[in-house]
Structure formats: structure tokens, C-alpha cells
Amino acid sequence: MKTPPLLSAVPALTSRHIAALAVLLALACALPFLIGNYRVFQLTLALVYAIALLGLNMLTGYNGQISLGHGAFYAIGAYTAAILMDHNVLPYWATIPVAGIVCLVIGFLFGLPALRLEGLYLALATFALGVAMPQILKHNSIEPWTGGSQGIVITKPDPPAWLPVSQDQWLYMFTLAWTVLLFFAAWNLLRGRIGRALVAIRDQPVAAQAMGVNTALYKSLAFGVSALYTGIAGALGAIAVQFVAPDSFSFFLSITFVVGVVVGGLASISGALYGALFIVFIPNIADQISKAAPWAIYGVFLIGLMYLMPSGVAGAIRIARRRWFDRERPSAAQRAASPPARDVQV
Amino acid sequence: MDLLLHQALSGLATGGIYASVALALVMIYQATHLVNFAQGEMAMFSTYLAWSLMQAGVPYWGAFAITVVAAFVGGVLIERVVVQPVENSPILSLVIVFIGLLVIFNSVAGWIFTYTIKPFPSPFPEQPLFGNRYLSSHDMGSTAVTLVVLSLVFVFFRFTPLGLAMRAAAQNPVSSRLVGVRVGWMLALGWGLASAIGAVAGIMVAPVVFLEPNMMGGILLYAFAGALLGGIDSPGGAVLGGFIVGVLENVIGVYVGSELKLTMALVIIVGVLVVRPAGLFGKVHVARV
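Throughout this description, residue numbers start from 1 for each chain and increase along the sequence as written. Whichever chain is written first is A, and whichever ligand is written first is 1; the rest continue in order. At least 70 in pLDDT is required for a residue's local features to be given in this predicted model, at least 80 for side-chain atom pairs to be given and counted, and no such filter applies to totals for whole chains, interfaces and linings, which use all residues.

S.K.: In this structure, what is going on with the overall build of chain B? I would like to understand it.
M.R.: Secondary structure counts use DSSP, requiring at least four H or I residues in a row for a helix and at least two E residues in a row for a strand, with both numbered from the N terminus. Counting its secondary structure elements, chain B contains 11 helices and zero strands. When the helices and strands of chain B are placed in sequence order, the string is α-α-α-α-α-α-α-α-α-α-α. Overall, chain B is about 55 × 45 × 35 Å in size when its C-alpha atoms are taken along their principal axes. A buried classification covers 51% of the 289 residues belonging to chain B. By definition, residues are in contact whenever their C-beta atoms, placed on the basis of the backbone, come within 7 Å of each other. For chain B, the share of sequence-separated contacts (at least 6 apart) that also reach a separation of at least 24 residues comes to 74%. With C-beta atoms placed from the backbone, a residue is buried if 20 or more other C-beta atoms are within 10 Å of its own, exposed if 12 or fewer are, and partly exposed between those counts.

Printed below as a string of C-alpha cells:
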């Protein structure tokens, strides 16, 4: 196996990777012109979920903190955007960063006590947050803003006049731009010192602290950034669906995110995309069998993957690629692997 | 004042249900240091089993007994088949497996029994017992059943060799194995007992909240709150915590409004974890680095 000079939480980008990403991006830009409006809407939703899953994966996959309540942050982001648009405070594109910042602050504040809550306890606290969120949104005291259990209807944004695309295509492009930006930001955040610190806290918390990593700060920051991503996803999702209501952010939304992260692959950036495609399209297919079928499939996938493929789809692809790559150039792999082995023998 | 008393007393009745579920959670926690997120859904599924038996003509207490036994066997099977293979994995994988179980039980119940809300019979008479004005007979009856279950569990752990073996296996698995306790089976037994206790709680609460696949969601949350409040490694504390949460829930429901009941559970959970993570009666753990 090739070892980079400095350990990094994410793989470095080679020129081959960049070329592949450019092709992928070109395809993603061309796709909405080749398929119908409903499919475009579904893809937009998949991008939205990919952002949320990336946020949750930074927390759970890279930092090892379990959150069963990220649906709550998604809801806060969605409501922030919806309220700002409903009261004509901001245009739709300006609500996205605001939603992100609101969630960053709330996530950071929730993360502060969460520092004391390890593993299971954090899972419990976030579980409670996820279950309680719809009730908080329905409460009378904030009804003038949230519209109570009726929710808020949002108008679909129009594309700029100079661009000859439909509303759905424009929304897809808008979401795609945010997705690219946030994925790049996540990669950049994880590849250096911060990413290394997050992984160190996950794997060896005591050693990380002894090495001078400010565990408390990094853990609450991870929670804050994760909430930021999920909040932005919530805002984009609200605009795409054109509607927010307390019951669309039930506890099962949080579980959907966990399913997406696990299926896509823990501690993997590309995994967020696979997971998002899974949680958008599998229910569509499974719904034809029974209303309960998507969830049964989710459950079977959750348990099955934990037994068979804990690194998810991204891990499976990584293994397949390594196998193919090693067969192609066995000498390179051997050269990289041999020095440490010789050292051990001496 | 009359209203407060009324609410506090009926809070005790629901608190009894939370106490049973909290006790089931603590049993699994003590044995494995894990919190079973699927506990509520397992109880819900058992309750559906009891309902189907009654629909098939089995008398109430017969269905009750069959369900409790079936829940016990089911709990043992789940531990052996699903949980045991991943026993030594990181907490994250285990939590995901539990969430998987939760989702499967929930969706299978929805698939088989549909999502329509069903009434569930109560074994207790319509009229309030002993002519009291405060408690319905179902409240009194279910509290009595809860107390009976709790004392049975206490007697089992305190006075039987098997109970002693289970406590030993939970406290020090290595030494227990050396003196001949089959630790793996003790864990499975713990799951079985927890599942059976959950089934009793489900059957007792179903007449109040009605039978539907999501009926245990809120109850599980209150049970978590109760278990944490009392101390998640203290069975007695968890039971007391369950009762306290039940009373608080009802009293706060009167004065603050019932829309924030779940939020109250959230506040209790976060508050306990921040102020005193060991709970009221739990042991404070000191980890040696």
C-alpha cells in the first residue's frame, strides 16, 4: 500500500482523480437537459441529501460521534430559509448561508454539553432531540413564524431571465453549485491538520489529547460544522420541495440520514453521494411493494452492511479499484509494501 | 390542588410503564453496557402478538402469558442471532445494528398489521376501584402489574442462583467464566428477560395510547429519561426515575401545556447528562488511563 509522506484523513487528489471529477461534473451539468422534470427534482433532492450526509459523516464517520438527531438540524435549516423567504426578508439564494450559520451556532452550542457525552450518551441525547423536534416546531409561541402544524409554503424561485432553463433545471444547477462548493470545502478541511485531529480523536482519544489536540474544541467544532452542512441541506431541500411542515422532519428523517451514511460508507466523502442516491431512489422502487417495504429494506441493509461490508458502497468500490489497480501494476504495490517488512525482519 | 393531585396520581400510573421499559433498558445495559434502541419496538411487536392472539379467541390472561413467553424466546433469539456476532465491534456499529432492529420491527409491524390505530382491551373493570375519584381502574391495575413485575425481578436477581450468575456475568465476565458461569448465555437470558418485561409494559400501555406501530416512540424516550435520571446502571434508580418522569410529565403537561411533553424528556436527558451523568443513584465511573 502506498503511504503518503504525511498521514491524511482523505486521499490526496491525483491528476487522474481530477480528470475523473471533471468528467463527472460535466455529466452532472448535462443530465438535467436529458431527463424529465420529475427526475430532475429527484436528483436535486439527492444532491441535497448528499450534503446532509456529508455533514453527518464528518461527525460520525471521521470524528466517531454518533448522532441520531440530525433531522433536527435539517429542520432548523429548512425553517430558517422558509421563514426568511415567507416574510420577504431575504431572497432565496441569500437564505442558504444564513441557515448554515444558524445551524452552526446551534450545533456548536449543542456540541458543548455533548463533549461530556461519549458514544452512547450522545446517541441518546441526539435521539431525544430528533424525537422532540417536530413538537417544538408545532409549539404555539412560535406559530406566527412557523405556521404551526400547517407549515409554510414557499414559491419556487425563477431562473435568471438570461438563462433559458426551466425552474426545476435552475434549482438543480443552484443545488449542484452548492454541493460542489461544500464537497470541496469538506475535502479541504479533512485533508490537513484538522482532519487528522478528528480521526485521532475518534481512534485514540487519550493519545490525541496527549499529543496536544484540543479534544473539546475539535469535538464541538465537528458538531457545529456537521450541523452547518445539514442546515444548508435543509434550506436547499425546503426550496426544492417548496414546503416545510413539522411532520416532514420526524425522527425517521434522522434515521434515514444514518442509513445513507452507513450505506454510502463511513468516513468517506464520495460515500455521501452513493448514500444519497440510495435513500432517494430505493424507497421509490420499494414503495410499489408496500408502504412499509422501504423501511424493511433500510433495516436489512443497516444490519447486513454492519456484518458484511462496514465500509459501505464507497469501501466496496475502494477495494475493487485497489484489486484491479494492483493486478495492473504489481511491481509498484510490492515496492511500496516491501521496505517496512524488511525493517521488521532486521 | 385537586387537579394537581389527580395529575400526579395518574402520572404515577404512566410512570409505572416508563419504569418497566427503563428497567428493561437497564437490564441490557448492566449486562452489556449497551442501550437497546429497539427496546420499544420489540415491546410494540409483542403487543401486536397479544392482540392477534386475542383476535383468534384466546382469553386475555392466556394471551398475556403466551406473549410474555414468546417475547422472552424472541429476545434470547435476537441476542444469539443478531447481537452476538457484533458484540465486540465499536459502539457505532452496535448502535447502527440496534437502529436496524428498530426499523425492521417497526416496518414489519406496519406491513403485517397495517398502520391503522387499533383499540386494545384492558383486563380491569370500567368502574374505578374502591370508589376513589382519582385513578381509573386501568391505572391502578397497570401500576399493580408493574409493581409485581418489579418485585419478581428483584427477587430473581437477589435470591436465585441464576440471578446471581447473571449479576456476576455482568460485573466481571472473565472471572465468572473461570468459575463456570456461561457468560454468553447469561447475556442472552438478560435480553430475554428485558424483552419479556417490555412485552408486559406494551400490553399495559396499549389501552391508553392505542395500538399502532409507532406507539412506543415517545414511551421509549421517557424511559431513557427515567433510566438516566435514576442512573443507568441502577435498576432501583431506573424504576424510581421512571415514576418521577411520569409524574413530571403529567404535572408539567397541566402547567406548561401538553405540546412540550417530549421536549421535557429532552431537557431531562441533556440536563442529567450535563449535571450528573451517573444519575441520582448510579455509580460514578472513574476510568484509568
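S.K.: Would you mind going over the overall build of chain A with me for this structure?
M.R.: Across its full length, chain A carries 15 helices and two strands. In terms of overall size, chain A behaves like a compact globule, its C-alpha atoms giving a radius of gyration of 21 Å where 346 residues would be expected to give roughly 20 Å. Dimensions of chain A, computed from C-alpha atoms along their principal axes, come out at roughly 75 × 50 × 40 Å. Burial status across chain A gives 49% buried among its 346 residues. Contacts in chain A between residues at least 24 apart in sequence constitute 79% of all its contacts with a sequence separation of at least 6. This radius of gyration counts C-alpha atoms alone. The globule rule is 2.2 Å times how many residues there are, raised to the power 0.38.

S.K.: Hey, could you run me through the interface of chain A and chain B in this one?
M.R.: Interfaces are often described in size by the accessible area the parts lose on coming together. Listed as interface residues are 39 residues of chain A and, on the opposing side, 34 residues of chain B. Only helix H5 (119-138), helix H11 (251-264) and helix H13 (293-308) of chain A provide two or more residues apiece to the side of chain A that touches chain B. Counting residues per element, the side of chain A that touches chain B draws most heavily on H5(A), which supplies 13 residues.

S.K.: Any chance you could explain the confidence of the model for chain B here in plain terms?
M.R.: In low-pLDDT segments, the atomic positions of the prediction should not be examined closely. Confidence scores per residue from the predictor, reported as pLDDT, run from 0 to 100. For chain B, mean pLDDT is 85; residues scoring 70 or higher make up 95% of the total. As scored by the predictor, the complex reaches a pTM of 0.87 and an ipTM of 0.85.

S.K.: Please explain unusual backbone geometry as it appears in this structure.
M.R.: With the exception of glycine, the majority of residues adopt a negative phi angle, and the majority of peptide bonds are in the trans configuration. All names here are of chain A. Within the chain, Asn88 stands out as a residue other than glycine whose phi angle is a positive 55 degrees. With respect to the secondary-structure elements, Asn88 resides in the loop between helix H3 (70-86) and helix H4 (92-114). On the neighbour-count criterion, Asn88 (7 C-beta atoms within 10 Å) is exposed. You will see that Ala267, though not glycine, has its phi angle at about 55 degrees, which is positive. Following the sequence through the fold, Ala267 ends up in the loop between H11 and helix H12 (271-286). When the 23 C-beta atoms within 10 Å are taken as the criterion, Ala267 is described as buried.

S.K.: Where do I start with the nonpolar core in this structure?
M.R.: Grouped burial of nonpolar side chains is what soluble globular proteins tend to show. Among the nonpolar cores identified, the biggest contains 219 residues, and A:Ile51, A:Ala128 and B:Ile269 are the most heavily contacted of them. If sequence neighbours within four positions are ignored, B:Ile269 has contacts with A:Leu124, A:Ala125, A:Ala128, B:Phe224, B:Ala225 and B:Leu228. As used here, a nonpolar core is made of buried Ala, Val, Leu, Ile, Met, Phe, Trp, Tyr and Cys residues. They are joined through C-beta atoms within 7 Å.

S.K.: For this particular structure, what's the right way to read the confidence of the model for chain A?
M.R.: With 91% of its residues at a pLDDT of 70 or more, chain A shows a mean pLDDT of 85. Predicted confidence is poor over residues 331-346 of chain A, with pLDDT under 50, and the contacts of this stretch with residues over four places away or in other chains come to five contacts.

S.K.: Please explain the environment of B:Pro235 as it appears in this structure.
M.R.: Residue and element names in this part refer to chain B. When you line up the elements, Pro235 lands in helix H10 (residues 235-255). Pro235 sits 208 residues away from Met27 along the chain, and the two C-alpha atoms are 7.3 Å apart. Ignoring sequence-local partners within four residues, the contact set of Pro235 consists of Leu23 and Val26.

S.K.: Could you clarify how one ought to interpret the packing of H13(A) against helix H4 (residues 91-113) of chain B in this entry?
M.R.: Helices that pack against each other are described as a pair by the angle of their axes relative to one another and the distance between those axes. As a rule, the C-alpha atoms of each element are fitted with a line to give its axis, helices using only the stretch in contact, and angles between N-to-C directions run from 0 to 180 degrees. The interhelical angle for the contact between H13(A) and H4(B), taken along N-to-C directions, is 155 degrees, at an axis separation of 8 Å. It follows from the interaxial angle that H13(A) and H4(B) lie roughly antiparallel. For H13(A) against H4(B), the interelement crossing comes out left-handed. For the pair H13(A) and H4(B), the contacting residues are A:Trp295, A:Ala296, A:Tyr298, A:Gly299, A:Val300, A:Leu302, A:Ile303 and A:Met306 in the first and B:Ser93, B:Ile96, B:Val97, B:Ile99, B:Gly100, B:Val103, B:Ile104, B:Asn106, B:Ser107, B:Val108 and B:Trp111 in the second. Residues are grouped as follows: nonpolar covers Ala, Val, Leu, Ile, Met, Phe, Trp, Tyr, Cys and Pro; charged covers Asp, Glu, Lys and Arg; every other residue, Gly included, is treated as polar. Across the contact of H13(A) with H4(B), the residue classes break down as 14 nonpolar, five polar and no charged. Reported orientations rely on four angle classes, namely roughly parallel under 35 degrees, roughly antiparallel over 145, roughly perpendicular from 65 to 115, and oblique for the rest. Helix crossings fall into two classes, left-handed where the near helix is turned counterclockwise from the far one by less than a right angle and right-handed where it is turned clockwise.

S.K.: Would you mind going over H13(A) with me for this structure?
M.R.: Given 3.6 residues per turn, any residue in an α-helix points the same way as the ones three and four places further on. Multiply 1.5 Å by the residue count of a helix minus one, and that product is the helix's expected span. With 16 residues, H13(A) should reach 22 Å at 1.5 Å per residue; the first-to-last C-alpha distance of 22 Å fits that figure. All buried positions along H13(A) are accounted for by A:Pro294, A:Trp295, A:Ala296, A:Ile297, A:Tyr298, A:Gly299, A:Leu302, A:Ile303, A:Leu305 and A:Met306.

S.K.: Help me understand the packing of helix H1 (residues 2-32) of chain B against helix H5 (residues 137-159) of chain B, please; the structure alone is not making it clear to me.
M.R.: Residues and elements named next belong to chain B. Where H1 meets H5, the closest approach of the two axes is 9 Å, and the angle between their N-to-C directions is 30 degrees. For the pair H1 and H5, the crossing hand works out as left-handed. Residues Ser10, Leu12, Ala13, Gly16, Ile17, Ala19, Ser20 and Leu23 of H1 form the contact with H5, whose own contacting residues are Asp139, Ser142, Thr143, Thr146, Val149, Leu150 and Val153. Residues of the contact of H1 with H5, tallied by class, amount to eight nonpolar, six polar and one charged.

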